[in-house]
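Next come the chains, spelled out residue by residue.
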Amino acid sequence: MFQEESSGGMSQGAAQNSQAIVLWLKMVAIINLASQALSLLSILIMMSSPAMRGMAGSQFVSFLVSGTISIVMAIKMLQQAAAIERYGQTRQLRDYESSLTHESVYWMIAGIVAILFTVIMVFLTFAFISFGDQLMRELGRGFRF
Amino acid sequence: MGLLDDDRMYGGQDETFSKQGLQQIKNVATWTRIIAICGFSIIGLLLLLAIFLMTKMAGTPASMMIAPVLMVVLIAGGLGGWLLFLLLQYGKQSKSFVDSGNPRDYEAATGTRKIYWLVVGILSILGALMSLVSTFTLLGGGRF
């Protein structure tokens, strides 16, 4: 498909490399969406059990946050894959640039999540190290068989 | 002078990336490097926690958890570290393309991105298989 050395400012190799990720992008996005559907199914099953209903409620709240982020990211991946596919057909660089728009949004969301997660991890690590002795005592008590 | 400062490269022509396109590549480069730095920090913190746990658990009944916890941390840390390294490389190579305008830099960046998504894809398939097995075990066990 990419016969020329230069394909709209990109080398032939870059164009081929970009085409090669389309399948993986689609696959990861579909797996992510399916995984969210499974999570929802698990929560609904838990909700059907009176004993597990309380836990299912808190899981549902966490699902609303993480599920929404995952779904938006999966959609961005599918849009990126579609734009790269379009670029493969038209060989117009503006199609590839539209894939870059989706990619940058994808990485921006992932970046914000990573920053938040790092802050939480720093807080948890220092809290754990500060109150670790107390926690270990509780753990030790829990492991008495 | 980077491509973003060079007006000759702009104009929305199909021969070269437009200013917006280059800006998107620059954004991707920035965010991927931020993610890599955050990821390395998280791996470092997890290792710190694992070492802390090992020293505290030694000699207690909970010490039997040391080996599995350490194994999970090492495997996840190693695999995650490799993925983050690829992401960092992708960000650096993309930034290098925006700065130099050399198409070979972008070829290298897309090559790194290809390996990254290949690994993420394989891991996702493995994760999905494990998730399916555990869900059907849960459903089949009639636990609820």
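About the criteria used
Residue positions are given per chain, counted from 1 along the sequence in the order it is written. All chains are assigned letters beginning at A, and all ligands numbers beginning at 1, according to the order in which they are written. Only residues with pLDDT of 70 or above have their local features reported here, since the model is predicted, and side-chain atom pairs are shown and tallied only from 80 upward, although totals for entire chains, interfaces and linings are computed over all residues. To obtain the side-chain values, all non-hydrogen atoms of the structure were included, while hydrogens and water were left out. What counts as a helix is a DSSP run of H or I of at least four residues, what counts as a strand is a run of E of at least two, and both are numbered from the N terminus. Only protein chains enter the accessibility calculation, which uses a 1.4 Å probe. A residue is then buried if its area is under 20% of the maximum for its type, exposed if over 50%, and partly exposed in between. Two residues qualify as a contact provided that any one of their heavy atoms is within 4.5 Å of a heavy atom in the partner residue. The protein chains shown are the only cover counted for residues, whose accessible areas, like all others here, come from Shrake-Rupley with a 1.4 Å probe. We call a set of buried Ala, Val, Leu, Ile, Met, Phe, Trp, Tyr and Cys residues a nonpolar core when their side-chain atoms join them within 4.5 Å. In protein, a polar contact requires one atom able to donate a hydrogen and another able to accept it; more generally it is a pair of N or O atoms within 3.5 Å, and residues adjacent in sequence count only if both atoms are side-chain atoms. By this rule, a helix spans an expected 1.5 Å times one less than how many residues it contains. Here the buried area means the combined drop in accessible surface, using a 1.4 Å probe, for two parts upon being joined, counting both sides. One speaks of a salt bridge when a side-chain nitrogen belonging to Lys or Arg is within 4 Å of a carboxyl oxygen belonging to Asp or Glu. Inter-axis angles, ranging from 0 to 180 degrees, are taken between N-to-C directions of lines fitted to C-alpha atoms, where helices are fitted over the stretch in contact. Small angles under 35 degrees read as roughly parallel and large ones over 145 as roughly antiparallel, with 65 to 115 read as roughly perpendicular and the rest as oblique. For a crossing to be left-handed, the near helix must be turned anticlockwise from the far one by less than a right angle; the clockwise case is right-handed. We call Asp, Glu, Lys and Arg charged. Ala, Val, Leu, Ile, Met, Phe, Trp, Tyr, Cys and Pro are nonpolar, and the rest, Gly among them, are polar. Stacked, edge-to-face and tilted are the three classes for Phe, Tyr and Trp ring pairs, Trp counted by its six-membered ring, which pair at centre distances within 6.5 Å; planes under 30 degrees apart are stacked, over 60 edge-to-face, the rest tilted.

Right, let's get into the overall build of chain A. Broken down by element type, chain A carries 4 helices and 2 strands. Helices (α) and strands (β) of chain A occur, in sequence order from the N terminus, as β-β-α-α-α-α. In chain A, which comprises 145 residues, the share counted as buried stands at 41%. Counting contacts in chain A only where the partners sit at least 6 residues apart, residues at least 24 apart contribute 58% of the total. Per element, the accessible surface of chain A, about 7800 Å² overall, is 68% carbon and sulfur.

Met10, Tyr96 and Trp107 of chain A together with Phe17, Tyr106, Tyr116 and Trp117 of chain B are the most contacted members of the largest nonpolar core, which has 42 residues in total. Put simply, the parts of the chain that give this core at least two residues each are helix 1 (12-47), helix 2 (53-90) and helix 3 (93-130) of chain A together with helix 1 (19-57), helix 2 (66-100) and helix 3 (103-140) of chain B. Residues in contact with tryptophan 117 of chain B, not counting those within four places in the same chain, are Ile21, Trp24, Leu25, Val28, Met77, Tyr106 and Trp107 of chain A. The next biggest cluster of nonpolar side chains, apart from the first, holds 5 residues, and it includes Met46, Met52, Ala56 and Phe63 of chain A.

All names here are of chain A. Along the chain, the position of histidine 102 falls in helix 3. Overall, the relative accessible area of 17% leaves histidine 102 in the buried class. Only 3.2 Å separates the side chain of histidine 102 from the side chain of lysine 76, close enough to count as a polar contact. Polar contacts involving the side chain of histidine 102 include one to the side chain of glutamine 79, which spans 3.2 Å. Beyond its immediate chain neighbours, meaning those up to four positions away, histidine 102 contacts Lys76, Gln79 and Gln80.

For helix 1 of chain B, which comprises 39 residues, the first-to-last C-alpha distance of 56 Å matches the rise-based estimate of 57 Å (1.5 Å per residue) to within 8%. Positive backbone phi, at 85 degrees, marks glycine 59 of chain B, one or two positions downstream of helix 1 of chain B.

The subject of this paragraph is the interface of chain A and chain B. Taken together, the contact pairs 54 residues of chain A with 53 residues of chain B. Buried area between chain A and chain B, summed over both chains or domains, comes out near 4700 Å², and the portion from carbon and sulfur atoms is 76%. On inspection of chain A and its partner chain B, the count reaches 1 salt bridge. Between glutamate 103 of chain A and arginine 113 of chain B there is a salt bridge, and its shortest N-O distance comes to 2.9 Å.

The subject of this paragraph is the packing of helix 1 of chain B against helix 2 of chain B. Residue and element names in this part refer to chain B. Helix 2 packs onto helix 1 with a crossing angle of 160 degrees between their chain directions and a minimal axis gap of 8 Å. Between helix 1 and helix 2, the angle is such that the two are roughly antiparallel. For the element pair helix 1 and helix 2, the recorded crossing hand is left-handed. Of the residues belonging to the contact of helix 1 with helix 2, the class tally is 24 nonpolar, 7 polar and 4 charged.

Remark: the centre distance and the inter-plane angle together describe each pair of aromatic rings, the angle taken between the planes. Counted by the stated rule, this structure contains 13 aromatic pairs over all chains. Ring centres of phenylalanine 97 of chain B and tyrosine 106 of chain B lie 5.0 Å apart, and the angle between their planes is 40 degrees; on these two criteria the pair is classed as tilted. On the accessibility criterion, phenylalanine 97 of chain B (2% relative accessible area) is buried. Three or more aromatic residues link up through ring pairs in this structure, and these residues are Tyr87 and Tyr96 of chain A together with Phe17, Phe97 and Tyr106 of chain B.

Next up on the list: the packing of helix 2 of chain A against helix 3 of chain A. Residue and element names in this part refer to chain A. Packing of helix 2 against helix 3 leaves a shortest axis separation of 8 Å and a crossing angle of 160 degrees. Classified by the angle their axes make, helix 2 and helix 3 are roughly antiparallel. Classified by chirality, the crossing of helix 3 by helix 2 is left-handed. Only Leu93, Asp95, Tyr96, Ser98, Ser99, His102, Glu103, Val105, Tyr106, Ile109, Ala110 and Val113 of helix 3 make contact with helix 2, whose side of the interface consists of Ile69, Val72, Met73, Lys76, Met77, Gln79, Gln80, Ala83, Ile84, Arg86, Tyr87 and Thr90. Each residue belonging to the contact of helix 2 with helix 3 can be placed in one class, and the counts come to 14 nonpolar, 6 polar and 4 charged.

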